[in-house]
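Architecture at a glance
Letter by letter, the chains look like this.
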Amino acid sequence: MDHASALDNDLLLINQLAKTALSEDQVYTFSLRLCDNEIDRDLERFSPDALDELGRLLTGKAGIFDHQWSALGQTARIYRTEVVREPAVSTAAGDAYCWLKGWAYLLRCEKNADLIAEIEGGIKKEVSIGCSMGRSVCSVCGAEDGACSHVRGQVYDGQLCFFELQEPLDAYEWSFVAVPAQRNAGILKRFGERAEKDLSLRKQAELGRKYLQELRREVVRLAMLADDTLDGRVFAKAVGCLEEPDLLEMKRSFEERVAKRFPVAPQLRKLPETMRDDMEAFLV
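These lines cover the structure that appears in this document, whether it is placed above or below. (Residues numbered from 1 in each chain as written. Predicted model: local features only at pLDDT ≥ 70, side-chain atom pairs only at ≥ 80, totals over all residues. Heavy atoms only, no water.)

**So, the overall build of the protein**
When its secondary structure is counted, the protein shows six helices and 12 strands. The contacts in the protein between residues at least 6 apart in sequence include a share of 70% that link residues at least 24 apart. Surface exposure of the protein reaches about 17,400 Å², of which carbon and sulfur atoms provide 52%. (Helix = DSSP H or I, 4+ residues; strand = E, 2+ residues; numbered from the N terminus. Contact = heavy atoms within 4.5 Å. Areas by Shrake-Rupley, 256 points an atom, 1.4 Å probe, with all protein chains shown as cover.)

Spelled out as structure tokens, the structure:
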């Protein structure tokens, strides 16, 4: 999906939550890491299966501050989620790492201007979710809800004790906080204008690379025409290290040498007077 299509799709999802249709310039969007299956500061973690269900439950939920349940604190709202799996990364428990990614939006208005600036400046970054889980299972023995004598943080026969949270029942909200229980939870980056700018810069960089590539090829071509004793592969390798100013100077120099070596024959030839036609003096 290209950038424009992604924006259109996001706006469609946002408008499913809005009462009136919103345009792209009316919303500010950003992505965030909501939670993962890593052991957190409370020596708990979400099971990988729980992340999928939490994603469904958190879609449409409001973002507030410090888990204070007040309508006055409602700021942003999640409109899309996705579980990201990173099999090459291991958790402290030894299994593959995965995390729940969310996309949220808030309105571009005077009230939210300071919050947007704080998000952009990296001040408002850390987040935490509020939810209810059906099971809390001991990692050592599998007992539920603290029914065993194992202590969180203690190591038993080489195995760390923590509690795995399973079977989500509800998700209430997500909050901007100072210190989240989950160390990695927080805003990832903003979409919209910045993403469009980043895409534009990437396109410009790609065009720049293609331009230099073509310029280097042209310099090699001219050099081979100017001096057929050159080793093309060796010369091409040397030219590959040069940037635009040197390449343009070499191109100009080789163009002059090629012009001297292969003079251009005139394209126009004047006809003898006896062959002239009143309507045409030259042939091309």
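**Re the pattern of salt bridges**
The final tally for this structure, using the stated rule, is 16 salt bridges. Of the charged contacts, one joins Glu-53 and Arg-56 as a salt bridge, the two residues approaching to 2.5 Å between their closest N and O atoms. Placement of both Glu-53 and Arg-56 in helix 2 (residues 48-58) is noted, with a separation of three residues, approximately one turn of the helix. One salt bridge in this structure joins Arg-135 and Glu-144, with 2.7 Å as the shortest N-O distance. (Salt bridge = Lys/Arg side-chain N within 4 Å of Asp/Glu carboxyl O.)

**Points about the nonpolar core**
One finds Phe-30, Leu-34, Phe-46 and Trp-174 to be the most contacted residues of the largest nonpolar core, which totals 30 residues. Taken together, the elements giving at least two residues each to this core come down to strand 1 (27-36), helix 2, strand 4 (76-90), strand 5 (96-107), helix 3 (113-120), strand 6 (127-138) and strand 9 (163-176). Once you skip the residues sitting within four places of it in the chain, Leu-34 turns out to touch Leu-58, Ile-78, Thr-81, Leu-100, Lys-101, Gly-102, Ile-129, Trp-174, Gln-182 and Ala-185. Within the second largest apolar cluster, 12 residues are counted, among which are Ala-226, Phe-235, Leu-247 and Val-258. (Core = buried A, V, L, I, M, F, W, Y, C linked by side-chain atoms within 4.5 Å. Buried < 20%, exposed > 50% of the residue type's maximum accessible area, 1.4 Å probe, protein only.)

**Quick word on the pairing of strand 5**
Strand 5 sits mainly inside the fold: 10 of its 12 residues count as buried. In terms of strand pairing, strand 4 meets strand 5 through 10 bridges, oriented antiparallel. Along strand 5, the bridge assignment pairs Val-83 with Leu-100. (Pairing = 2+ DSSP bridges.)

**Quick word on the packing of aromatic side chains**
What the rule picks out here adds up to seven aromatic pairs. Here the aromatic rings of Trp-69 and Tyr-172 are separated by 5.3 Å at their centres, their planes lie at 55°, and the arrangement is tilted. Here Tyr-172 lies in strand 9 and Trp-69 lies in the loop between strand 3 (62-65) and strand 4, a separation of 103 residues in the sequence. A relative accessible area of 36% places Tyr-172 in the partly exposed class. Taking 5.9 Å as the distance between ring centres and 85° as the angle between the ring planes, the aromatic pair formed by Phe-235 and Phe-254 counts as edge-to-face. Taken together, the residues span a long stretch of sequence, with Phe-235 in helix 5 (residues 232-239) and Phe-254 in helix 6 (residues 244-261) at a distance of 19 residues. Grouped by ring-pair contacts, the aromatic residues Tyr-28, Phe-30, Phe-65, Trp-174 and Phe-176 constitute a single cluster. The cationic tip of Arg-33 hangs over the ring face of Trp-99; the distance from NZ or CZ to the ring centre is 4.0 Å. Across the ring face of Trp-103, the terminal group of Arg-80 is positioned such that the distance to the ring centre comes to 3.7 Å. (Phe/Tyr/Trp six-rings, centres within 6.5 Å; stacked < 30°, edge-to-face > 60°. Lys NZ or Arg CZ within 6 Å of the ring centre and 35° of its normal.)

**Points about the layout of surface pockets**
Roughly 260 Å³ of volume is contained in the largest pocket. Lining the largest pocket are 14 residues, and of these Thr-75, Arg-77, Tyr-105, Leu-106 and Leu-107 sit closest to its centre. Listed by contribution, the elements that provide at least two residues to the lining of the largest pocket are strand 4 and strand 5. If one sorts the elements of the lining of the largest pocket by residue count, strand 5 sits on top with three residues. Class assignment of the residues belonging to the lining of the largest pocket gives a composition of seven nonpolar, four polar and three charged. (1 Å grid on protein atoms, 1.4 Å probe; cavity = no way out; pocket = protein on both sides within 12 Å on 5 of 7 lines; lining within 4 Å. Points joined across faces, edges and corners; volume = space filled by probe spheres on them. Nonpolar A, V, L, I, M, F, W, Y, C, P; charged D, E, K, R; others polar.)

**So, the environment of Gln-154**
Looking at the element boundaries, Gln-154 is found in the loop between strand 6 and strand 7 (155-156). Residues in contact with Gln-154, not counting those within four places in the same chain, are Gln-159, Leu-160 and Cys-161.

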